[in-house]
Structures are given as structure tokens and as C-alpha cells.
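Remarks on the overall topology
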Protein chains: 2
Amino acid sequence: MCNMVKNALGREVPKHIDGIGELKAFQGAFAYDPKGQKLAPKITKTFHGNDKIVDNIKKSLELCGIEDGMTISFHHHFRNGDYLVNMVIDEIAKMGIKDITVFASSLQSVHKPLINHIKNGVVTGIETSGLRGELGEAITRDKILDKPVIIRSHGGRPRAIESGESKIDIAFIAAPAADLYGNVNGVEGPTACGSMGYAMADAEYANKVVVVTDFMVPYPANPISIPQTLVDYVVKVDKIGDPKGIVSGATRVTKNPLELLIAERAFEAVVASGLVKEGFSFQAGTGGPSLAVAQFLREKMKTEGIKGSFVSGGITGHSVDMLKEGLFKTLLDVQCFDLKAVESIKSNPNHIEMSASFYANPHNKGCAANQLDIMIVSATEIDVDFNVNVITDSNGIIMGASGGHCDTAAGSKLSIVIAPLLRGRLPIVVDEVTTVVTPGETIDAVVTERGIAVNPRRKDLEALFKAAKLNVMSIQELKNIAEGLTGKPGKIQTTDEIVALVEYRDGTIIDTIRRVK
Amino acid sequence: MCNMVKNALGREVPKHIDGIGELKAFQGAFAYDPKGQKLAPKITKTFHGNDKIVDNIKKSLELCGIEDGMTISFHHHFRNGDYLVNMVIDEIAKMGIKDITVFASSLQSVHKPLINHIKNGVVTGIETSGLRGELGEAITRDKILDKPVIIRSHGGRPRAIESGESKIDIAFIAAPAADLYGNVNGVEGPTACGSMGYAMADAEYANKVVVVTDFMVPYPANPISIPQTLVDYVVKVDKIGDPKGIVSGATRVTKNPLELLIAERAFEAVVASGLVKEGFSFQAGTGGPSLAVAQFLREKMKTEGIKGSFVSGGITGHSVDMLKEGLFKTLLDVQCFDLKAVESIKSNPNHIEMSASFYANPHNKGCAANQLDIMIVSATEIDVDFNVNVITDSNGIIMGASGGHCDTAAGSKLSIVIAPLLRGRLPIVVDEVTTVVTPGETIDAVVTERGIAVNPRRKDLEALFKAAKLNVMSIQELKNIAEGLTGKPGKIQTTDEIVALVEYRDGTIIDTIRRVK
């Protein structure tokens with residue numbers, strides 16, 4: 001471990017990893033100054049008669065010049081209903097290709113077959129926002145990959161692509177609808193997923209781009225989310241995904257009394273901040289308590305006649321309802337979470353599709369997260385420095401995703417973590433989170449059922465909360481209450497082996513994830 | 001002239017010009033193979049609180065670091081109603097800056113004040129699709145610029161930008177509507193112009209991007225034609241253009257009996273080609289005879305129940321009518337020519353805005369022009385090799401624009417020139433055009449009131465025309481008829497001085513324009 005350095009949060013991070021290269025240690029949420037130019041894709045040449053239709057995925061891989069060591073990208077709008085990652089990597093394996101990096105916007109339980117491809121040397125690198133299920137378990141516990149996984153946020157990923165830090169050899173676009181010249185949209189066909197936001201940077205910067213669809217439409221596809229000008233080949237397959245997995249049913253307002261209580265406390269805090277006013281903007285995660293906060297806000301806005309500006313991020317039916325009711329002017333959508341959102345983005349011109357770079361990239365000329373007033377985020381742990389973990393479980397296993405957590409926390413005027421004080425028998429507020437995904441510097445407050453702690457950097461906010469008679473206490477007090485109930489949690493036993501690097505949105509290493517003993 | 005070389009059309013073109021650099025001679029419409037990478041714009045960094053609103057144009061120029069020798073870009077959606085070019089260059093002149101290149105998608109009569117800025121050394125370079133009025137006259141006759149003007153097609157311009165051959169220091173976007181973070185659309189406000197297609201490559205590749213608007217909208221502007229992620233500064237001014245000049249009244253179907261006759265002949269030829277069938281695509285220029293051909297097609301489609309795929313290019317109310325009537329499925333719009341088109345692109349989701357690169361760039365992965373079946377173009381001259389001139393007048397003066405002429409001729413399955421055999425007392429069919437804009441290799445036929453000539457490369461087409469009993473003759477015969485009526489036209493007297501380089505869409509030099517004696 002002589003190759004290590006302490007970053008601005010005091011976390012030991014490597015300076016270099018073979019097969020990945022030099023690494024920059026996290027310097028603070030707004031400290032790192034990027035240099036240089038964006039990646040420059042190759043210039044191509046086409047004229048009429050060029051045909052993009054290819055018989056099958058294998059043929060498209062051959063035409064793209066697939067070879068050992070390449071980076072293949074995927075997007076996760078199909079979530080746990082995705083067929084494409086497995087189809088493509090199976091094909092690559094059959095062709096005898098090795099040493100592939102799977103560069104995905106996120107991976108799900110359905111991608112469990114990657115475990116075998118890793119063990120067989122077909123896949124030797126994974127870069128993703130998150131890992132779930134057996135794949136996360138095998139990587140964290142068994143260290144089946146030699147090279148650490150690189151975890152990126154939804155804003156950090158397009159940043160890495162645009163900057164050229166990540167070079168995509170072949171981007172595969174899972175397309176709900178496509179035409180023969182490669183125009184793609186996400187709103188038609190049996191596997192409609194709505195926004196194609198995460199795939200856009202891939203299409204723009206990859207060396208080769210293959211569109212795979214199960215629904216061909218006449219030229220030109222309309223709307224056009226990914227344009228023909230970026231696409232090399234189009235493959236028609238029987239089925240690119242399972243609609244049931246694509247549109248999750250997980251986006252319901254909680255009915256759990258404890259969660260409703262926390263949501264109400266968070267709502268009071270949001271109101272006390274003074275930001276709920278004409279033209280304000282809002283984002284919340286898709287967990288039940290976050291949606292409950294949104295529900296409370298919705299009632300207040302109706303009662304008081306307040307009209308907001310936009311709701312951003314992954315979009316649910318609840319946001320669609322608020323748009324329809326005229327409570328918000330616009331939805332900015334990087335990913336649709338349910339059928340109502342898919343229907344809405346298809347038919348409502350005020351429901352706007354946005355790229356992940358537009359959403360959250362810190363190194364373009366201004367992302368939507370920078371315009372956010374209020375952001376409600378969740379946490380699996382938060383520590384006394386307000387650092388938040390959303391990637392590893394209480395046992396140290398990777399089971400979550402970085403998502404837009406650190407992006408929106410940094411961009412918004414007010415970022416509030418809502419969480420129960422205990423989850424199971426474990427405190428949520430701890431001395432030091434297992435893994436830092438979002439630095440405390442960008443978190444303004446944490447709301448629990450037992451009290452609200454305000455980041456000492458936000459004296460202004462603390463004054464507002466106190467004036468509103470909210471139950472404000474220090475984060476140490478919150479931690480003490482939790483530990484009083486459960487005792488101090490034991491430290492997770494890990495080896496020195498690094499199984500994942502957690503990149504902050506600016507490309508610096510904010511933390512590592514170690515192999516669990 | 002020892003620095004000259006003959007290109008594939010036998011035209012003498014320079015190998016090098018000081019202040020411009022090395023030049024490539026035209027090798028054939030599909031011969032040149034581009035190499036290398038696209039231009040890589042600088043990486044920037046933003047976070048919440050970054051403000052883009054700037055008081056005035058002067059301030060924005062200062063913030064962009066304006067200095068001698070820079071290239072400033074503009075787009076021409078406001079046509080002869082544009083105020084921005086003159087406003088910005090006046091400001092630059094007042095600041096004492098010299099040696100500016102005006103990189104415009106096109107220039108109009110309204111830009112006459114550039115003459116003085118050129119004479120004063122403020123402007124020393126012009127790159128544009130066209131020149132009109134006194135500016136074209138002063139450049140061709142008085143050679144007020146030392147460096148030749150570079151003439152580019154609408155597809156060649158984004159190609160030059162993307163390839164880095166043209167480097168834009170500051171792009172000025174004349175924005176009918178913008179929000180405080182730089183999102184722009186063309187469909188709202190008093191100077192609504194519809195599509196923003198020509199400005200998109202500028203925004204994407206310029207080092208600095210300034211949005212100038214007279215109509216601020218709440219965040220986020222909707223729709224978003226140019227996104228905040230590309231914009232550095234936003235300036236609000238009183239007036240960015242004159243709506244009367246923006247929406248021209250010039251797009252009427254001709255009532256001239258001769259033009260109607262030619263249009264009817266062209267319509268017969270188009271029908272004889274066999275391409276007018278279910279799902280076909282179509283584009284025509286905005287001249288009266290072209291619109292008349294479209295009108296004939298429209299009647300046929302209605303009568304026979306034929307439904308086409310798309311109409312592309314600059315869009316007029318006539319195309320909008322055909323969309324509304326269900327005759328075409330989609331409009332692909334790089335530029336709106338009238339109020340009806342502006343209204344339509346605002347409200348009809350089947351009227352799609354496209355970038356100039358999507359429209360016509362030969363060096364992306366496939367432009368819309370490649371999907372065109374039928375293209376009707378005009379000509380000021382066409383020669384016995386089918387080369388077409390649309391840029392210089394009979395007296396050799398630059399008075400037109402390259403536009404999408406050579407792009408669509410190269411992309412479409414069938415490109416037909418329609419023109420009267422004589423214009424005034426001058427033959428249109430000549431031995432050798434004054435200036436080649438579009439190589440004969442990409443022109444399939446020319447239709448005049450006296451007969452139709454088919455390019456010898458298209459024996460198939462000639463057979464179809466003859467089978468349909470059209471009045472087919474050789475292009476030499478057409479020329480002879482014309483010369484029999486008027487005598488052989490005299491050659492324009494020019495000096496050796498090159499006042500403009502005509503770039504083919506692929507960046508090679510297809511011709512030069514010489515100073516008129």
C-alpha cells in the first residue's frame with residue numbers, strides 16, 4: 001500500500017493502478033480544475049447508398065473490428081429488463097475475444113452472467129454507476145476481477161467520456177425504436193423506455209456505434225433522441241428487453257408510518273429553508289420517503305397556488321402528475337422510471353428529454369443540476385462530517401449505485417438527506433461511512449425521525465430551521481441517540497485489496513471499496 | 001500563378017494561399033477520403049452560482065477575450081432581417097480590434113456595413129455560403145479583401161467546423177428566445193425564425209459561445225434547440241432583427257407562364273423516373289419554378305393517394321401544407337422560410353428541426369441528404385459537362401449562395417436542374433460555367449422549356465425519359481438552340497486575382513472566382 005495517498009477527506013486512495021493508470025485524489029467538491037480538450041472522435045465519410053442494416057450482433061461486432069482489450073459501452077434505461085449486455089458479451093465470448101471492459105451507465109441483477117465472463121477472462125474491466133445482486137457480491141467478496149471496478153456518478157460518466165479519460169471502442173445502443181439509418185427514440189415499440197439520456201454521450205464519442213432494436217420504424221424515426229449522424233450500424237433482433245423489468249413498479253409513495261414521519265420532517269425543513277416559492281425547482285430520489293416529501297410539497301403548492309419551474313432527474317408518474325396539474329412548468333428527464341413517465345415524454349412537449357451531460361456533468365458549460373433549488377437524497381450511511389454512502393451495504397458489499405447523488409448534492413442550493421436513524425439494528429448516522437460517494441461539503445442537512453442535523457457550513461440554514469421550531473441538533477447528538485439504541489456498530493473487516501474505485505463527479509478518487517473478509 | 005494546379009474538373013486552383021494555408025484540389029464528388037479526428041473543444045468547469053447574463057455585447061466580447069486575428073461566427077436564419085452581424089462587428093471596430101474573420105453561414109444585402117469594416121482593416125477574412133448586393137459587388141469588382149472569401153455549402157460548413165479546418169473563437173447566436181442559462185429556441189418571441197439548424201455546429205465547436213436575444217424566457221427554455229451546456233454568456237438587447245426581413249415573402253409558386261411550363265416538364269421527368277411512389281422523399285429549392293414542381297407533385301399525390309416519407313431543407317409553407325394534408329410524414333428543417341413554417345415547427349411534432357450537419361455534412365456517419373430520392377435545384381448556368389453555377393451572375397459578380405446545392409445533388413438519387421434556356425438575353429446552357437459550385441457528376445438531368453438533357457452517366461434515366469416520350473436531347477443540342485437564339489455569349493473579362501475560393505462540400509477547392517475587370 002506504499003502507492004497510496006490521503007485525499008481531502010482523509011481516505012487512502014491509490015496514486016496508480018496497473019491497467020487503469022494514474023489517479024487523482026479527491027481535492028474537495030469544487031477544487032479540481034480540468035485542463036485540456038475534449039475527446040475528438042474520428043472523422044468518417046458517407047454518401048447515398050451506404051447501408052447500415054446488419055444481420056446480427058456478431059456481424060456488427062466484426063464490422064466494428066472487435067478485438068481483445070476493447071471497451072464496450074451500454075446504457076441502463078432498460079434496468080433489470082435489459083437483454084443487450086448479456087447478448088453482446090455472450091457473442092463476444094463465443095468469438096473468443098478476451099480482456100473486454102464493460103463500460104455501462106449501470107448494471108443490475110440481470111447481468112449476473114457477467115460473473116462467468118469475468119472468470120473466463122472475457123471481461124477484465126467494469127466501469128459503472130452501480131452493481132447489484134450476485135455480481136456485486138462476487139466482486140466485493142471474491143474479488144473475481146483483478147482490476148478494480150470504477151464507480152462513476154451519472155454526471156461523472158459523460159464527463160469521463162467527453163474528456164477522453166474513458167475511450168469507448170464500440171457503443172451499443174438498446175433502441176426501443178430505430179430506422180434503417182440509425183435514428184433512435186425511446187418512446188415507441190414494445191420495449192419503450194422513454195428518455196435515452198444516458199446513451200447520448202456514448203453515441204457522440206464512441207469510435208463505433210451500433211444500434212440494436214426490436215422495433216424498426218420508417219425513416220425518419222420521430223422523435224430523434226440519437227441521430228443517424230452518430231450511428232454506424234443497425235441490428236434488428238427479436239427482443240431487446242423485458243418491458244416488465246424496464247418499467248419498475250418500485251416508485252410508490254411510502255405507506256410505512258416511520259418513513260411518512262421522516263418525510264413530513266423533511267418537508268417542514270424544505271419549507272423552512274424559504275426555497276419553496278414561485279419558480280422553484282425540485283428533485284427527489286425515487287425511494288418511497290422521497291416521493292412522500294414530493295407528495296407533501298404537491299399539496300402545499302396546490303393549496304397556496306405556487307408554481308414551480310422544473311423537476312429533474314429520473315422521472316416518475318408523480319412528477320408527471322405535478323406537470324399535468326400545472327404545478328411545475330417542465331420536467332427534465334434523463335431516465336423514465338414508470339409507464340406514466342414514458343407516456344408523458346412521448347406526448348407532452350413540456351416533458352423534455354435531457355442527456356446525462358446536460359443533467360449533471362460538472363465539466364460542460366453548465367448542467368441542469370446547477371439550476372436546482374431543492375434536492376432530496378437518500379443514504380445508506382451518513383457520517384459526522386456529512387459524507388454519504390449509497391453504494392455499499394452494512395456488510396461492505398457493493399449493492400447500490402452512485403447515480404446522480406453527488407451531482408445533484410453539489411449542484412443544488414439545498415441538499416437534504418432523509419433517512420431513518422436506524423435501519424434494521426444498525427445506525428445510519430456513524431462516525432465514518434464505509435464508503436464516501438458524496439462529500440459532506442455538499443450536503444446541507446440530514447433529516448431523521450429523531451431530529452435534524454445541519455451542516456455547520458450552513459449557519460444560515462440552521463437559523464431558519466430553528467426559527468421554524470424544527471428539532472435541530474448536532475449530527476454527533478443524532479449519532480449518539482442511534483448508538484444509545486443499538487450500541488456502536490462493529491467495523492467491517494476488509495483486506496487491503498481494492499475491489500472498486502469510487503470516482504467523484506470531477507474524476508478524482510473520493511474513496512475505495514476493499515475486499516470484504 | 002505558378003502556385004496553381006488543375007483540379008479534376010480542369011479548373012486552375014491554388015495550392016496555397018497566405019493567411020489561409022494549404023489547399024486541396026477537387027478530386028471528384030466522392031473521391032476525397034477525410035483523415036483524422038474531429039476538433040476537440042476545450043473542457044470547462046461550472047457549478048451553481050455561475051451567472052451567464054452579461055450587460056451588453058461589448059462586455060461579452062471582453063469576457064470572451066476578444067483580440068486581433070480572431071474568427072467570429074454567425075448564422076443566417078434572420079436573413080435580410082439580421083441585426084447581429086453589424087452590431088457585433090461595429091462593437092469590435094469601436095474596441096479597436098483588427099484582422100477579424102467573419103465566419104457566417106451566409107451574408108445578405110443588410111450586411112453592407114462590412115464593406116467599411118473591411119476597408120478599415122477590422123475585417124480581413126470572410127467565410128460564407130453566399131454574398132449579395134453591394135458587398136458581393138465590392139468584393140468581386142474592387143477586391144477590397146486581400147484574402148479570398150471562402151464559399152462553403154451548407155453541408156461543407158459544419159464539416160469544416162467539425163474537422164477543425166475552421167476554428168471559431170467566438171460564436172454569436174442570434175436567439176429568438178433564450179433563458180438565463182443559455183438554452184435557446186427559435187420559435188418564441190418577436191423575431192421567431194423557427195429552425196436554428198445552421199447555428200448548432202458553431203455552438204458545439206466554438207471556443208466561446210455568446211447568445212444574444214431580445215426575448216428572455218423563464219428557465220428552462222422549451223423547446224431547447226441549442227443547450228446551456230454549450231453556452232458561455234447571454235446578452236439581452238432591444239432588438240436582434242427585423243421580423244419582416246426574417247420571414248421572406250419570396251416563396252410563392254410562380255405565375256410566370258414560361259416558368260410554369262418548365263416546372264411541368266420537370267414534373268413529367270420526375271414522374272418518369274419512377275421515384276414518385278409510396279415512401280419517397282423530396283426536396284426543392286425555394287424559387288418559384290421549384291415550388292411549382294412541388295405543387296404538381298402535390299396534386300398527383302392527392303389524386304393517386306401516394307404518401308411520401310419526408311421533405312427536407314429550407315422549409316416553406318407549401319411543404320407545411322403537404323405535411324398537414326398527410327402527403328408527407330415528416331419535414332426535416334434546417335431553416336424556415338416563412339411564417340407558416342415557423343408556426344408549424346413550433347406546434348407540429350412531425351416538423352423536425354435538424355442541424356446543418358444532420359442535413360448535409362458528407363463527413364459524419366450519414367446526413368439526411370443521403371436519404372433523398374428527388375432533388376429539384378436551380379442554376380444560373382449549367383455547362384455541357386453538367387457542372388452548375390449558382391454563385392456568380394452573368395457579369396461574374398458574386399450575387400448568390402452555394403447553399404445546399406452541391407450537398408443535395410450528391411446525396412439524392414435523382415437531382416434535376418430546372419432552368420429556362422435563356423435568362424434575359426443570355427443562354428443558361430453554356431460551354432463552361434463561370435464558376436462551378438456543383439460538379440456535373442452529381443447532376444442527373446437538366447430540364448428547360450425546349451428540352452431535357454440527361455447526364456450520359458445516367459443511361460437508365462435517359463431510357464425512362466424516352467419511354468415516357470419526354471423531349472430528350474443532348475446537352476450540346478440544348479446549348480446550340482440557346483446560342484442560335486442569342487449568339488455565343490462573350491467571356492467575362494477577369495484578372496488573375498482570386499477574390500473567392502469555392503469549396504466543394506468535402507473541403508477540396510472546386511473553383512475560384514476572379515476579380516472582374
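Look above for the structure.
All values reported here derive from a predicted model rather than from experimental measurement. (Residues numbered from 1 in each chain as written. Chains lettered and ligands numbered in written order. Predicted model: local features only at pLDDT ≥ 70, side-chain atom pairs only at ≥ 80, totals over all residues. Heavy atoms only, no water.)

A closer look at the packing of aromatic side chains
Note the cut-off: When two rings of Phe, Tyr or Trp (its six-membered ring) have centres within 6.5 Å they constitute a pair, described as stacked for plane angles under 30 degrees, edge-to-face for angles over 60, and tilted for the intermediate range. Only runs of H or I of at least four residues qualify as helices and only runs of E of at least two qualify as strands under DSSP, and these elements are numbered from the N terminus. Each residue gets one of three labels from its accessible area relative to the maximum for its type: buried under 20%, exposed over 50%, partly exposed in between, using a 1.4 Å probe on protein chains only. Any Lys NZ or Arg CZ found within 6 Å of a ring centre and within 35 degrees of that ring's normal is scored as a charge over the ring.
One pass over the structure, following the stated rule, counts 12 aromatic pairs over all chains. Seen in terms of ring centroids, F26 of chain A and Y504 of chain A are 5.0 Å apart; in terms of plane orientation they differ by 75°. Their pairing is edge-to-face. You can see F26 of chain A sitting in the loop between β4 (21-22) and β5 (53-54) and its partner Y504 of chain A sitting in the loop between β28 (494-503) and β29 (509-516), a full 478 residues away along the chain. An identical accessibility class is assigned to F26 of chain A and Y504 of chain A; each is buried. Through a chain of ring-to-ring contacts, three or more aromatic side chains come together here, namely Y181 and Y219 of chain A together with F310 of chain B. K52 of chain A extends its terminal NZ or CZ atom over the ring of Y181 of chain A, reaching a point 4.2 Å from the ring centre.

Describing the sheet that holds strand β20 (residues 381-383) of chain B
Residues and elements named next belong to chain B. Heads up, the rule is: Should DSSP find at least two bridges between two strands, the strands are regarded as paired.
On the basis of which strands lie adjacent, the open sheet formed by three strands has the order β21-β20-β25 and mixed pairing. Of all strands in the sheet, those bounded by a partner on one side alone are β21 (388-389) and β25 (429-430). Here β20 pairs with β21 via two bridges, running antiparallel. Considered in β21, the bridge of E381 is made with N389.

Quick notes on a nonpolar patch on the surface
Worth spelling out the cut-off: Exposure above 30% relative accessible area and no salt bridge define the residues that can form patches, which grow by joining like charges within 9 Å and nonpolar side chains of Val, Leu, Ile, Met, Phe, Trp and Tyr within 5 Å. Residue burial considers only the protein chains on display, and all accessible areas are found by Shrake-Rupley using a 1.4 Å probe. Each reported salt bridge corresponds to a side-chain nitrogen of Lys or Arg within 4 Å of a carboxyl oxygen of Asp or Glu.
Among the surface-exposed residues, I53, L180 and M216 of chain A lie close enough to one another that they form a single nonpolar patch of about 230 Å² accessible area. Its place among the elements puts M216 of chain A in the loop between β13 (208-213) and β14 (233-236).

Considering the relation of the copies chain A and chain B
In plain terms, the rule: Here the copies are superposed with least squares, the fitted atoms being C-alpha atoms of residues at a pLDDT of at least 70 in both. Residue contacts are defined here by distance: any two heavy atoms, one from each residue, within 4.5 Å place the two residues in contact.
After a rotation of 180° and a shift along the axis of 0.0 Å, chain A superposes on chain B with an RMSD of 0.0 Å. Look at the turn and shift together and you get a two-fold axis relating the two. Of the C-alpha atoms belonging to chain A, the one lying closest to the rotation axis is found on A40 of chain A, 2.4 Å away. Most of the interface of chain A is mirrored in chain B, where 100% of its interface residues are also at the interface.

Focus on the packing of helix α9 (residues 288-304) of chain A against helix α10 (residues 317-324) of chain A
All names here are of chain A. Definition in use: Axes here refer to lines fitted to C-alpha atoms; in helices the fit is confined to the stretch in contact. Angles between the N-to-C directions go from 0 to 180 degrees. Small angles under 35 degrees read as roughly parallel and large ones over 145 as roughly antiparallel, with 65 to 115 read as roughly perpendicular and the rest as oblique. For any helix crossing, the convention is left-handed if the near helix is rotated counterclockwise from the far helix by under a right angle, and right-handed if that rotation is clockwise.
Contact geometry for α9 and α10: axes closest at 10 Å, N-to-C directions at 15°. With respect to α10, the element α9 is oriented roughly parallel. With respect to the hand of their crossing, α9 and α10 are arranged in left-handed fashion. On α10, the residues that touch L291, A294, Q295 and R298 of α9 are H318, D321 and M322.

A closer look at the state of the cysteines
A covalent bond between the sulfur atoms of two cysteines is referred to as a disulfide. Residue and element names in this part refer to chain B. Put simply, the rule is: Our working definition of a disulfide is a cysteine sulfur pair at a distance within 2.5 Å.
Evaluated as defined, the whole model comprises zero disulfides over all chains. Not engaged in a disulfide, the cysteine C336 finds its nearest cysteine sulfur in C193; these two sulfurs lie 7.3 Å apart. The class for C336 is buried, based on a relative accessible area of 2%. Here C406 is not disulfide-linked; the sulfur of C367 is the nearest cysteine sulfur, at 11 Å. According to the relative accessible area criterion, C406 is buried, its value standing at 0%.

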